[in-house]
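Here's the letter readout for the chains.
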Amino acid sequence: MKIRRILLISILTIVILALLAGTGVVLYFNSYLPGKVAARSFPQTNGSLQVAGLKDPVDVYRDQAGVAHIYAGNAHDLFFAQGYVHAQERFWQMDVWRHIGSGTLSEMFGKDQVETDAFLHTLGWKQTAEAEWEGLGPESRAILQAYADGVNAYLKDHSGDALSLEYSVLKLINSNYQLAPWTPVNSLTWGKAMAWDLRGNIDEEIERAVLLKTLTQAQVDELYPEYPADHPVIVNAIGVEQPNPAASTAAATNFSDAQMLTQVAQNFARLDTLLGPMGDGIGSNSWVISGKLTASGSPLLANDPHLTIQMPSIWYQIDLHCTPKSDACPYEVAGFSFAGVPGVVIGHNDRIAWGFTNAGPDVMDLYIEKVNPDNPNQYEVNDQWVDFDTRTEAIAVAGGDPVEMTVRSTRHGPVVSDAYGDLMDENKFNDPEFKAFREQAGIELPENYVIALHWTALLPSTPFEAVWGLDGAGNWEEFRAAAAKFHVSSQNLIYADVDGNIGYQMPGDVPIRAAGDGRVPVPGWTDEHEWQGFIPFEELPYTFNPEEGYIVTANNRIPPADYPYLITSDWDYGFRANRIVEMITGAQVPIDSASIEQMQSDSFDANGQLLVAQLAQALESEKAGELSGDEQAAWDVLKEWDYQAKADSAGAAIFETFWSRLLQDVFADNLPEDFQPEGGSRWLEVMRNLAEDSSWWDNVSTSDMVESRADIMRQAFAETVTQLREEQGKHPADWQWGILHTATFKNQTLGESGIGLIESLFNRGPFNVSGNEAAVNATGWTATEGFEVDWLPSMRMIVDLGDWNNSLSVHTTGQSGHAYHAHYDDLISLWAAGEYYPMLWDADSVSQAAESRLTLTP
């Protein structure tokens, strides 16, 4: 359920009442809030502040991009100050994220979030984070506690609209909302939320199981093709000698409850509305180039993680400097952090640089568990009935009574089919449209069953210990030692150092299965599909100073074909990776930072090369009818297109609309409504493999003919021309991709309210942007929903190992989370134009470029 629904129910009532009383509410939202109230939350960034809890003075410089550079004499004060600065700039964002992580959205927004909270309680992120806290060593505990103390030092003197403008609106919904102090566990739950956001192939697992009800295995395999042999892998040679103890073929499953699995997918989608979608093509780019290929002779490292579009940016850029650096305070690091978590996640220190992309291993499995028909508190394990593990939890609800729920778990994990409307037999959430699941099912299955989730992220381990290790690492060995602590979510880690080395390491807990390949839900009542442990860290893919002189990761396949372990069957299909490799190997001159800027902004659509050629055959064949005047004019534009999806490109507007129409025309008649093609790299590969005489081209709803590829392509092209003529006028040369493909940066809560007066306070856009879902400049859109950007390069970073001061960066919105602050949206235009600002490093450069200096004193 979207937070938008909360506000439509809660705020709309208030707005209507206010409008009935007079038009003053319009002035309140359009003038008073932005003009008088917003500035109350702007933090002090100049002068001096006395802050209890510090040991020594701390200097915080902010440069012209609003990036904070913190200088402290000890590690405690460094992380204390980071917590203080994060709270100054982003506390609303931090507060919402901790409520998501703890499953307490109803405390903030009321009863309409109970269902979402029930799912979050079922997953048990907070319990896992609490176990992680108990298992941490003293150094990690000290970092988290110092950070939390810094956050709370700011909260001590700030509340309500002095903390953030959003709280002025929240009090209209929940006047009794009380801020709780920040705790280390609040930071640790962030790791669970990010693990969900980067969860891997669980959606594909559900989709395959549903499709097998109506399609043959061969048809499903066509929709999930193998990774293409002509696209690159990340690591070409790995010295792994251990044989694979697990088979890598899918086990047959003799049951399929399409309706239950569809509902599980919809339940997972509830979190996607908060944390962002996970689907084909969503990922990131990173690459590192050795000095033998660069103009400076030193390595260059590039990274641009692709995450959900949001306001403010998911990243807060920051530098952390120990003065002086020592064994007791080993941090001198710059880069990108998460508000709510201490340390720098991606960036560089004084010796090494690193970047992340999602590795996407299959670390989630769905198990069908048989339930005892005579005792619903038991499930079957190897012919024995055993009790579910249960816990009772209360969901606090703003303006209402607490809601109690019971969470059941099996040996595999939480029962995820227990807490959602359409899956339940009891109307726990008083849904007026509720239907008991038993009345809807009617599919042959075990008489009684539930679905449990086995997921590595529900085992206690935090990625942030790895992050703090990276922040202080000085060489390849220390980098790998830090990476070994990265259990969930598994990342592609690229590396470079000032000595000229480059490297790559995949870390993470990747299960070894007794049977099967995790592609579909499996029976849980025997040990046939149990996990047998994890791939040993030393046998996970890595490379150091590869012969090629570069390493490229773009969520593509990691190991070569002879790698003995299964990581996943659901890679990104490598179109972005292939393009990056082409640009590196095709460079006519040594590569420099300017070259990488152009690469990160490259909007080349490899799909266009293939499909425009096929469309030419369809339109220009002897069997084709004569094109209309509009169609001919559009075709004249498209056939001259350079395959770059630039915002001002008419050819891109025509092609991307054609691509969306083509997917619908080919597959809508064959696939369930909830599983229509959304675009992305998988569908590019599906279409690339689709033979001219494939049965998929035929429209099964037309009984009097069998359509060919040419028929469907001509149909999709005609629909494209009609659509664009209606939307952008009668002259195809004037059509623009950016008019269709816009980015609107939305506050994830109040910016989704559906109330224009409120949304205008916090949202910014739309902005016409270049790129598409399979370009290096990956501004993603969902074909079933339109062309609006829903995920994007959340930041871009270029690190020069020869001179840190030559490093460049940009992220999507601005450093500040305060609406109407100068640094709230000042980076959007730079980001959209593919421009950058310097990642200032040495103290002299920082002080000379500083727009403010704040000294925090004990």
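Because the structure is predicted, anything quoted here is derived from the model rather than measured.

## Some thoughts on the environment of Thr189
No. 1: By the secondary structure assignment, Thr189 is in helix α9 (residues 184-197).
No. 2: Those residues in contact with Thr189 that sit more than four places away from it in its chain are Gly101, Ser102, Trp125, Lys126 and Ala129.

## With respect to the pairing of strand β9 (residues 352-358)
No. 1: Within β9, seven of the seven residues are buried, which leaves the element mostly enclosed by the surrounding structure.
No. 2: Residues Ile352, Trp354, Phe356 and Asn358 line one face of β9 and the alternating positions Ala353, Gly355 and Thr357 line the opposite face, and both faces are buried.
No. 3: Bridge count for strand β8 (residues 346-349) against β9 is two bridges, and the pairing is antiparallel. Counted as the bridge partner of Gly347 is Trp354 from β9.
No. 4: As judged from the seven bridges shared by β9 and strand β16 (residues 491-497), these two strands associate in the antiparallel manner. Bridged to Gly355 within β16 is Ile494.

## What about the sheet that holds strand β17 (residues 502-505)?
Across a sheet, strands are paired by hydrogen bonds formed along the backbone, either parallel or antiparallel in direction.
No. 1: Spatially, β1-β29-β2-β3-β6-β7-β8-β9-β16-β17-β21 is the arrangement adopted by the 11 strands of the open sheet, whose pairing is mixed. Looking along the sheet, the strands with just one partner apiece sit at the ends: β1 (47-50) and β21 (542-544). On average, each strand axis in the sheet is tilted by 15 degrees relative to the strand beside it, whichever way the strands run.
No. 2: Where helix α3 (residues 75-102) meets the sheet, it contacts β1, β2 (58-62), β3 (68-72), β6 (316-322), β7 (332-337) and β29 (852-857), and its direction lies at approximately 160 degrees from that of β6.

## A short note on the state of the cysteines
No. 1: Within the structure shown, the criterion is met by one disulfide.
No. 2: Here Cys322 pairs with Cys329 through a disulfide, and the sulfurs are 2.0 Å apart. A torsion of -75 degrees about the S-S bond marks the disulfide between Cys322 and Cys329 as left-handed.

## What about the nonpolar core?
No. 1: In this structure, Leu223, Trp287, Trp455, Leu662, Phe667, Phe717 and Leu856 are the most contacted members of the largest nonpolar core, which totals 234 residues.
No. 2: If one sorts the elements of this core by residue count, α3 sits on top with 14 residues.
No. 3: The contact partners of Leu856, leaving out residues within four places of it in the chain, are Leu49, Val51, Leu54, Asp56, Pro57, Val58, Val60, Ala81 and Tyr84.

## Observations regarding unusual backbone geometry
No. 1: Cis geometry is found at the peptide bond from Thr323 to Pro324, where omega equals 5 degrees.
No. 2: Looking at the secondary structure, you find Pro324 in the loop between β6 and β7.
No. 3: For the bond from Val488 to Ser489, the omega torsion is -10 degrees, close enough to zero to count as cis.
No. 4: Position of Ser489 relative to the elements: it lies in the loop between α15 (476-483) and β16.
No. 5: Unusually for a residue other than glycine, Asp383 sits at a positive phi of about 70 degrees.
No. 6: You can see Asp383 is positioned in the loop between β11 (378-381) and β12 (384-387).
No. 7: Of the residues examined, Asp383 reaches a relative accessible area of 66% and is grouped as exposed.
No. 8: Residues other than glycine seldom take positive phi values, yet Tyr820 does so here, at roughly 80 degrees.
No. 9: Note that Tyr820 resides in the loop between β27 (808-811) and α25 (828-832).

Calculation notes
- Residues numbered from 1 in each chain as written.
- Predicted model: local features only at pLDDT ≥ 70, side-chain atom pairs only at ≥ 80, totals over all residues.
- Heavy atoms only, no water.
- Helix = DSSP H or I, 4+ residues; strand = E, 2+ residues; numbered from the N terminus.
- Contact = heavy atoms within 4.5 Å.
- Buried < 20%, exposed > 50% of the residue type's maximum accessible area, 1.4 Å probe, protein only.
- Pairing = 2+ DSSP bridges.
- Axes fitted to C-alpha atoms, helices over the stretch in contact; angles between N-to-C directions.
- Disulfide = S-S within 2.5 Å.
- Core = buried A, V, L, I, M, F, W, Y, C linked by side-chain atoms within 4.5 Å.

Read these as spatial facts, not as claims about activity.
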